[in-house]
Amino acid sequence: MDAQKVPDMDPNFARWYGEVSMEDSKAQARWIGLDQAIKSPNRATVEVLTRLAFDTKASAGGYKEPALAEKLESFHAAFKAADDDYEPEKREGQVLAACALVQLFGSYSLASLAVTAASFDGVRTPALPMDLIGMAEQAVGTLSTSRRVRPDVSRLKVSVQDFAYQPEFAGVQPNDPQTWKPLFTGMTTAVNASIKAAASRVNASIDKMSGYMRVVDEELQMLWWLLGERSLDLDLPFDKVDSAMQPLVFARELAQRTVSSPGPVAIAALLARSGLKSRGKLQIVAATNAVPTEWATTAVDELATSPVTTPIHFALDKRVEAGAPDAWSAHWSALCGLEADSRLSPLRLAELFYREHLFLRFE
């Protein structure tokens, strides 16, 4: 790779990678590989990176999941392309995957959503040279805030710019129409370029306003839902919904009204106002068994749930698959690497379920 094309290295990367190797040349090669590995991220990319970073029981390449196997292969291939001596090693792969996730936190919300959901409120805490979970939590708030900033209308004005065009008449012959063709072609090109530039500025302004109007409408719908104090899925007042099923039901109803990931900064406050408490613990198995079978089936229908990044949705999936409330929890526990008796506060359970839903819905 040409020196001009080498991306600027994150100042923290050398320090984090220093746990694996202190060689500057190797760190530089790994940084180049990392930059290539996250060029075009999607949900499968984040799933693989999260599995590697958390060193989970679930294989990073998945089980009969071609999309994950392909992303894992391309992840290692990016480092191999930058350094012929690269050989995949477990610890190095874990650190590199964590560094890749950190780079994605600033622009790709699915990365921070996946890490916070996989953490399961700190139950899963990988041994890494950085506070990956804390950084992910901070990134959720930062991205949420930045995507909901009111555009400055005064800066959305678009002015028509003059274009400079000097016709060249040297080759023009009045009685030969063909000699006029380059003249008009040059003029047409100049006019089109000016119009395209103006249209691009107009479209950018419209996109900013459209995006802001969508999130404003999103928050309005959420507030109407909260003021109505009624579950739309179950057609029941909030206080008539069984307390064990409230976290999942309320979180999903808010998630369905979210139009921009990672959702509003105040999502925890909205869930709290709906009646969910931050104290006390609710067993995940109990919450999963509490919801109606039809609701559970709809909630996970055609969604690619994961034991790593969406463990609560995965519980619903296993419950629906088993068809009985007492026949799935042990299998879920083994696949997720979580205790069958795992518990979270109702509020935190709802917040994580909300984030899982966004991770599964958005790309």
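Whatever comes next refers back to the structure up there.
Residues numbered from 1 in each chain as written. Predicted model: local features only at pLDDT ≥ 70, side-chain atom pairs only at ≥ 80, totals over all residues. Heavy atoms only, no water.

**Side note on the overall build of the protein**
For the protein, the helix and strand inventory stands at 15 helices and four strands. Radius of gyration (C-alpha) of the protein: 26 Å, far over the 21 Å computed for a compact globule of 363 residues. Taken over the C-alpha atoms alone, the protein extends approximately 95 × 60 × 35 Å along its principal axes. Within the protein, the proportion of its 363 residues that are buried is 46%. If you take every contact in the protein between residues at least 6 apart in sequence, the share linking residues at least 24 apart comes to 73%. With an accessible surface of roughly 18,900 Å², the protein has 53% of that area assigned to carbon and sulfur atoms. Taking the 38 positively charged and 46 negatively charged side chains of the protein as two groups, their mean positions are separated by 5 Å. (Helix = DSSP H or I, 4+ residues; strand = E, 2+ residues; numbered from the N terminus. Rg over C-alpha atoms; globule rule 2.2 N^0.38 Å. Buried < 20%, exposed > 50% of the residue type's maximum accessible area, 1.4 Å probe, protein only. Contact = heavy atoms within 4.5 Å. Areas by Shrake-Rupley, 256 points an atom, 1.4 Å probe, with all protein chains shown as cover. Lys, Arg positive; Asp, Glu negative; His and termini not counted. Charge placed at Lys NZ, Arg CZ, Asp CG, Glu CD.)

**Let's talk about the pattern of salt bridges**
Opposite charge on two side chains permits pairing when their charged atoms draw close. This structure, assessed with the given rule, holds 19 salt bridges. Through salt bridges with shared partners, one network takes in Asp121, Glu137, Arg348, Glu351 and Arg355. (Salt bridge = Lys/Arg side-chain N within 4 Å of Asp/Glu carboxyl O.)

**Focus on the packing of aromatic side chains**
Considering all chains together, one arrives at nine aromatic pairs under this definition. Relative to Phe238, the ring of Trp225 lies with its centre 4.8 Å away and its plane at 50 degrees, an arrangement referred to as tilted. Taken together, the positions of Trp225 in helix α8 (residues 181-228) and Phe238 in the loop between β2 (236-237) and α9 (246-255) put the pair 13 residues apart, joining distant regions of the chain. With a relative accessible area of 5%, Trp225 lands in the buried category. Take Phe238: its relative accessible area is 7%, and that puts it in the buried class. With a centroid separation of 4.7 Å and 45 degrees between ring planes, the pair formed by Phe238 and Phe250 is classed as tilted. Of this pair, Phe238 sits in the loop between β2 and α9 while Phe250 sits in helix α9, placing them twelve residues apart in sequence. The two residues Phe238 and Phe250 agree in class, both being buried. Within the aromatic cluster, the residues linked to one another by ring pairs are Phe13, Tyr17 and Trp31. One Lys or Arg, Arg252, reaches over the ring of Trp295 and ends 5.6 Å from the middle of that ring. (Phe/Tyr/Trp six-rings, centres within 6.5 Å; stacked < 30°, edge-to-face > 60°. Lys NZ or Arg CZ within 6 Å of the ring centre and 35° of its normal.)

**Focus on helix α5 (residues 90-105)**
Taking 1.5 Å per residue as the helical rise, α5 with its 16 residues ought to reach 22 Å, and the 23 Å between its terminal C-alpha atoms agrees with that figure. Across the 16 residues that make up α5, a large majority, 13, are buried. (Expected span 1.5 Å × (residues − 1).)

**Let's talk about unusual backbone geometry**
Looking along the chain, the bond that leaves Ser261 and enters Pro262 is cis, with omega of 15 degrees. Along the chain, the position of Pro262 falls in the loop between α9 and α10 (267-273). Of note, the phi angle at Asp121 is positive, near 60 degrees, even though the residue is not glycine. The phi angle at Asp235 is positive, at roughly 55 degrees, despite the residue not being glycine. Structurally, the position occupied by Asp235 is in the loop between β1 (230-231) and β2.

**Here we look at the packing of helix α13 (residues 311-322) against helix α14 (residues 329-336)**
Between α13 and α14, whose axes approach to 9 Å, the crossing angle comes to 145 degrees. In this structure, α13 meets α14 at a crossing whose hand is right-handed. Taking contact as the criterion, the partners of Pro311, Phe314, Ala315 and Lys318 in α13 are, on α14, His331, Trp332, Leu335 and Cys336. Considered class by class, the residues forming the contact of α13 with α14 number six nonpolar, one polar and one charged. (Axes fitted to C-alpha atoms, helices over the stretch in contact; angles between N-to-C directions. Left-handed = near helix turned anticlockwise from the far one by under 90°. Nonpolar A, V, L, I, M, F, W, Y, C, P; charged D, E, K, R; others polar.)

Interpretation note: all reported values are geometric properties and have no functional meaning in isolation.
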